[in-house]
Amino acid sequence: MTSTSRNSTSPTTLIRGGTVVGWQNGGHRILENGVVVYRGDSIVHVGRTWSGVVHEIVEAAGKLVCPGFISTHAHVSDHVGDRLVVDTGRRDFLRSGFLNYAPRRWPNGPGFSSPDNQDASLRYGFASLIRNGVTTVVHLDGGPGDGGKAITRIGAESGMRLYYGPYCNGGDYFFDDRGQLERHEDEAAGLASLDRAGEAIARFDGSAEGRLRGIVVFDELFQATPRLLRRVKELAAHLDVGITLHASEQVHEFHEILRRTMRTPIGWLEDEGFLGPEVILGHCIYVSGHRFTSYPFKGDLEAIAASGASVAHSPVALARRGVTLDSFQRYRDHGINLAIGTDSYPQDILAEMRWASLTCKVTERNNESASAAAVFEAATIGGAKALRRDDLGRLAPGAKADLVLVDLDTLRFGPIHDPIRALVYCGTGELVDTVIVAGRKLMENKSLIAWDEACILAEMRKGVKRVWSACADWHWSGQDIDEVFPPSLLPWEERLGSRKQRGLVVEP
Ligand SMILES: [Zn+2]
């Protein structure tokens, strides 16, 4: 996808004076006071000095110069639903978050999403990713049913690298009037959604100078059938794109599939011949051996590793529900390619790295597990491998000029002995100073270039307010937002006695 003509006539930019995370001998290396040189959309040199022609100089003293981060699992929007369920929600959903707000009130009844807020919501999501140093994102979301027109338009406008395909699914959830959750399977609709996704992907794949790429996105393994899985695989092969799906995300999904197929979800995918190097398994928490499954056997991690499939780990959203991989280190020791996702909010990949490391250390009760280097690799080279790109996730000649400069010269970091540990355990997205994708600056001096942040924030909040105030319409209980999702602190004038509903809501 490299635009050779643009590269040969493009100005040359030199980044100098920073702590460079360069790529050498198959791994990231620290190069103090190094230089990175790019021309057009590609890096031409990484080293100690550069004596060639230069048209622009970026001074990076006091900054970490590292590869742009790759979020392999993100729902790029405002997360009007997820924000409600951090430590609330129905106990009978066994810590699943989205089931609390995503299902419709009855088949085809009102849903919580607000299509009129779509553009503001997407801009907010992309802006958050850029702010936090993400340069490539795999987006999973339903969208407004326009065949991906809004997301590809705004994705191109953002300047980021976007992997996307319109959602396909073989079913849906809805609530009946008692609040009973029903799952509705529809294989024919799933096949039709795959046809539509295929047409859309063929239309936009490779556009925006190669920054927009297709990927077949099947929403949820739980809603798949063997026929749908075969069709997903065939479609991806036909389009020569990858595949991603939510898999083994919910504990009841694990047990339902085990009951239905006598195999674990991953074992079932293995039997169906679905796993492969083009597959990114979103979340992939409940595998054999995970202590919450009561299934202490081997098999799943071995199958994933043998197939070459990747796992997109989004630890922050999971930890909010009291869940994590069991464990990042165990997956890694099996030889599985681990990548990082930012899932819902705050799209902060530095926080995701930190939580990937810390939750693993706690799970393993071992400080040496999930090192800073391991999670940094997952957010860079792991993501590139998941997308089968050897030109992303590294700073090396021939790689894409996707870079992030992080301000190290702050009280937040203080003295730095090891910049990667400092970044992982102490860094925040607020310290990301400059973001470059394909040689173009998307953010400089901590300020977005293409968009006005205040404007994005105001527009997005307006839309969210509308969704929350309509809670009684879309929520199965018909109650208002504060009754369904109680605030942390009681309001000044509390309407006493209205907070507990049917014993389903956690008391503040
Ligand atoms: Zn997801």
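None of these values were measured; they are calculated from a predicted model. Residue numbers here run from 1 along each chain, matching the order of that chain's written sequence. Local features in this predicted model are restricted to residues whose pLDDT is 70 or higher, and side-chain atom pairs enter the listing and the counts only when it is 80 or higher, whereas totals over whole chains, interfaces and linings include all residues.

**Some words on the overall build of the protein**
Think of it this way: any DSSP run of H or I at least four residues long counts as a helix, any run of E at least two long counts as a strand, and we number them from the N terminus. In terms of helices and strands, the protein carries 16 helices and 19 strands. Note that the radius of gyration is over C-alpha atoms, with the globule rule given as 2.2 Å times the number of residues to the power 0.38. For the protein, whose C-alpha radius of gyration is 23 Å, the value lies close to the compact-globule estimate of 23 Å for 508 residues. Summarising its shape, the C-alpha atoms of the protein cover approximately 70 × 55 × 50 Å along the three principal directions. Counting the 508 residues in the protein, one finds 51% classified as buried. Every C-beta atom is placed from the backbone, and the number of other C-beta atoms within 10 Å of a residue's own sets its class: buried at 20 or more, exposed at 12 or fewer, partly exposed in between.

**Quick look at the nonpolar core**
Judged by nonpolar contacts, the single largest core of 130 residues is most densely connected at Val36, Val65 and Val216. Here contacts are defined at the residue level, using C-beta atoms placed from the backbone and a cut-off of 7 Å between them. If we skip the residues at most four places from it in the chain, Val216 touches Gly165, Ala197, Val232, Leu235, Ala236, Val241 and Ile243. Listed in part, the nine residues of the second largest apolar core include Val80, Phe98, Val467 and Cys471. Working definition: the nonpolar core is a set of buried Ala, Val, Leu, Ile, Met, Phe, Trp, Tyr and Cys residues, joined through C-beta atoms within 7 Å.

**Examining the pairing of strand β7 (residues 134-139)**
With six of six residues buried, β7 lies mostly within the body of the structure. A pair of strands is treated as paired once DSSP finds two or more bridges between them. Sheet topology note: the strand β6 (residues 69-74)/β7 ladder contains four bridges and is parallel. Across the sheet, the residue bridging to Ser71 is Val137, located in β7. As paired elements, β7 and strand β8 (residues 161-164) share four bridges and run parallel to each other. By the bridge assignment, Val138 is partnered in β8 with Tyr163.

**A few points about the packing of helix α11 (residues 349-364) against helix α12 (residues 372-386)**
In a packed pair of helices, the relevant descriptors are the angle between the two axes and the axis-to-axis distance. Closest axis-to-axis distance for the α11/α12 pair is 9 Å, and the angle between their directions is 135°. Comparing their axes, α12 and α11 come out oblique. In this structure, α11 crosses over α12, and the sense of that crossing is right-handed. Within the contact between the two elements, α11 uses Ile349, Met353, Ala356 and Ser357 and α12 uses Ala372, Val375, Phe376, Ala378 and Ala379. Tallied by class, the residues present in the contact of α11 with α12 amount to eight nonpolar, one polar and no charged. Lines fitted to the C-alpha atoms define the axes, with helices restricted to the stretch that makes contact. Angles between their N-to-C directions range from 0 to 180 degrees. Angle categories: roughly parallel below 35 degrees, roughly antiparallel above 145, roughly perpendicular from 65 to 115, and oblique for all the rest. When the near helix sits turned anticlockwise from the far one by under a right angle, the crossing is termed left-handed; a clockwise turn instead gives a right-handed crossing. Gly falls in the polar group here, along with every residue not listed as nonpolar (Ala, Val, Leu, Ile, Met, Phe, Trp, Tyr, Cys, Pro) or charged (Asp, Glu, Lys, Arg).

**Looking at the sheet that holds strand β15 (residues 337-340)**
The strand order across the open sheet built from eight strands is β6-β7-β8-β11-β12-β13-β14-β15, with neighbouring strands paired in parallel fashion. Strands with a single pairing partner mark the edges of an open sheet, and in this sheet they are β6 and β15. The sheet shows a mean angle of 25° between the axes of neighbouring strands, taken without regard to direction. Together, β7, β8 and β11 (212-220) form the strand contacts of helix α3 (residues 149-158), whose direction differs from that of β8 by roughly 165°.

**Things to note about unusual backbone geometry**
With an omega of 0°, the peptide bond between Asp326 and Ser327 qualifies as cis. Within the fold, Ser327 resides in the loop between α9 (315-320) and α10 (328-333). Look at the link from Tyr345 to Pro346: it is a cis peptide, with omega at 10°. Within the element layout of this structure, Pro346 appears in the loop between β15 and α11. Phi at Ser294 is positive, roughly 60°, even though this residue is not glycine. Looking at the element boundaries, Ser294 is found in the loop between β13 (279-283) and α8 (300-307). With 10 C-beta atoms packed within 10 Å, Ser294 lands in the exposed category. Positive phi is not limited to glycine here, since Lys446 has a value of about 65°. Among the secondary structure elements, Lys446 is positioned in the loop between β18 (440-444) and β19 (447-448).

**Some details on α11**
Residue pairs spaced three or four apart in an α-helix point in one direction, given the helix's 3.6 residues per turn. Given the number of residues in a helix, its expected span is that number minus one, multiplied by 1.5 Å. An ideal rise of 1.5 Å per residue puts 22 Å on 16 residues; α11 measures up with 22 Å between its terminal C-alpha atoms. Those residues of α11 not exposed but buried are Ile349, Leu350, Glu352, Met353, Arg354, Trp355, Ala356, Ser357, Thr359 and Cys360.

**What about the pairing of strand β5 (residues 63-67)?**
The element β5 is extensively covered by neighbouring structure, given that five of its five residues are classed as buried. When strand β1 (residues 12-24) meets β5, the two strands line up parallel, connected through two bridges. Residue pairing across strands places Thr19 opposite Leu64, the latter belonging to β5. Pairing geometry for β5 and strand β16 (residues 403-407), over five bridges, is antiparallel. Each bridged residue has a counterpart across the sheet, and for Cys66 the counterpart in β16 is Val404.

**Some details on the domain arrangement of the protein**
Note: domain ranges come from an automatic or database domain assignment. One can read the domain layout of the protein as domain 1 (4-67 + 397-448) and domain 2 (69-386). One C-alpha centre belongs to domain 1, the other to domain 2, and the line joining them spans 30 Å. Across the boundary between the two partners, domain 1 contributes 20 residues, which contact 23 residues of domain 2. Going through the elements one at a time, β16, α13 (419-426), β17 (432-437) and β18 are the ones with two or more residues in the side of domain 1 that touches domain 2. Residue contributions to the side of domain 1 that touches domain 2 peak at five residues, all from α13. Residue composition of the side of domain 1 that touches domain 2, by class: 14 nonpolar, three polar and three charged.

**Some points on the packing of helix α4 (residues 187-204) against helix α5 (residues 226-239)**
As a packed pair, α4 and α5 sit with axes 10 Å apart at the nearest point and diverge in direction by 10°. With respect to α5, the element α4 is oriented roughly parallel. Seen from α4, the contacting residues are Glu187, Gly190, Leu191, Leu194, Gly198, Ile201 and Ala202; seen from α5, they are Arg227, Leu228, Arg231, Val232, Leu235 and Leu239. When grouped by side-chain class, the residues that make up the contact of α4 with α5 number eight nonpolar, two polar and three charged.

**Focus: the confidence of the model for the protein**
Along the chain, pLDDT gives the predictor's confidence residue by residue, from 0 to 100. Of all residues in the protein, 95% have pLDDT values of 70 or greater, and the mean over the chain is 92. Across residues 1-5, where pLDDT falls below 50, the model places eight contacts with residues more than four positions away in sequence or in other chains.

**Observations concerning helix α6 (residues 251-261)**
Along α6, the positions that sit buried rather than exposed are Glu253, Phe254 and Ile257. Within α6, the buried residues cover an arc of 105° as seen down the axis, which keeps them to one side. Packing partners of the buried residues in α6 comprise α7 (265-271). Trailing α6 by a residue or two, Met262 shows a phi angle of about 65°, which is positive. By arc we mean the arc of the directions from the helix axis to the C-beta atoms, nothing more.

**Considering the environment of Arg389**
Tracing the backbone shows Arg389 in the loop between α12 and β16. Among the residues examined, Arg389 registers 19 C-beta atoms within 10 Å and is labelled partly exposed. Considered as a pair, Arg389 and Ala399 are 10 residues apart in the sequence and their alpha carbons are 9.5 Å apart.

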